[in-house]
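# Residue-level structural notes
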Amino acid sequence: VVMDNDGNLVVKGPPQPKSPAETIGIKEGDLITAIDGKPTKGRTSIEIADQVMDKQSNELILTIKTPPRITTTTTTTSPG
């Protein structure tokens, strides 16, 4: 995942096999527009990493835009 010039969080390559990202269908080129309801645009990669790493649970609610659709999905991640 990389931050593009417009401040969007973009999936740069295919997800790791058998990862939570692959399980929920994230694809290269998707935009992650929010994590747990908090927009990603305009935030630094450090702010986003801190939000994910500081969670008390392993559950993330991701809002993903795959043009032209936007979906919200929940995934469970590995700690740390």
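Figured I'd write up the structure that's included with this text. (Residues numbered from 1 in each chain as written. Predicted model: local features only at pLDDT ≥ 70, side-chain atom pairs only at ≥ 80, totals over all residues. Heavy atoms only, no water.)

## Things to note about the layout of surface pockets
Of the voids in this model, the largest pocket is the one considered here, and its volume is about 570 Å³. Lining the largest pocket we find 22 residues, and of these Val1, Ala21, Ile32, Leu60 and Leu62 sit closest to its centre. For the lining of the largest pocket, the elements supplying multiple residues, two or more each, are α1 (20-24), β3 (31-35), α2 (45-53) and β5 (59-66). For the lining of the largest pocket, the leading source of residues is α2, giving three residues. (1 Å grid on protein atoms, 1.4 Å probe; cavity = no way out; pocket = protein on both sides within 12 Å on 5 of 7 lines; lining within 4 Å. Points joined across faces, edges and corners; volume = space filled by probe spheres on them. Helix = DSSP H or I, 4+ residues; strand = E, 2+ residues; numbered from the N terminus.)

## Describing the nonpolar core
Core analysis: the biggest nonpolar cluster contains nine residues, these being Leu9, Val11, Ile26, Ile32, Ile35, Ile48, Leu60, Leu62 and Ile64. The element that contributes the greatest number of residues to this core is β5, accounting for three residues. Among all residues touching Ile64, those that are not within four sequence positions of it are Ile24, Ile26, Asp30, Leu31, Thr33, Arg69, Ile70, Thr71 and Thr73. (Core = buried A, V, L, I, M, F, W, Y, C linked by side-chain atoms within 4.5 Å. Buried < 20%, exposed > 50% of the residue type's maximum accessible area, 1.4 Å probe, protein only. Contact = heavy atoms within 4.5 Å.)

## A closer look at unusual backbone geometry
Unusually for a residue other than glycine, Lys18 sits at a positive phi of about 65°. Looking at the element boundaries, Lys18 is found in the loop between β2 (9-10) and α1. One non-glycine residue, Asp36, lies in positive phi territory at about 55°. Examined against the element boundaries, Asp36 turns out to sit in the loop between β3 and β4 (38-39).

## Quick word on the pairing of β3
Most of β3 sits inside the fold, with four of its five residues counted as buried. When β2 meets β3, the two strands line up antiparallel, connected through two bridges. Bridge assignment links Val10 to a residue of β3, and that residue is Leu31. Inspection of the sheet shows β3 paired to β5 by four bridges, in the antiparallel sense. Considered in β5, the bridge of Leu31 is made with Lys65. Relative to β4, β3 runs antiparallel, the two being bridged by two bridges. Counterpart to Ala34 in the pairing with β4 is Pro39. Between the antiparallel neighbours β3 and β4 lie two residues, among them Asp36 with a positive phi of about 55°. (Pairing = 2+ DSSP bridges.)

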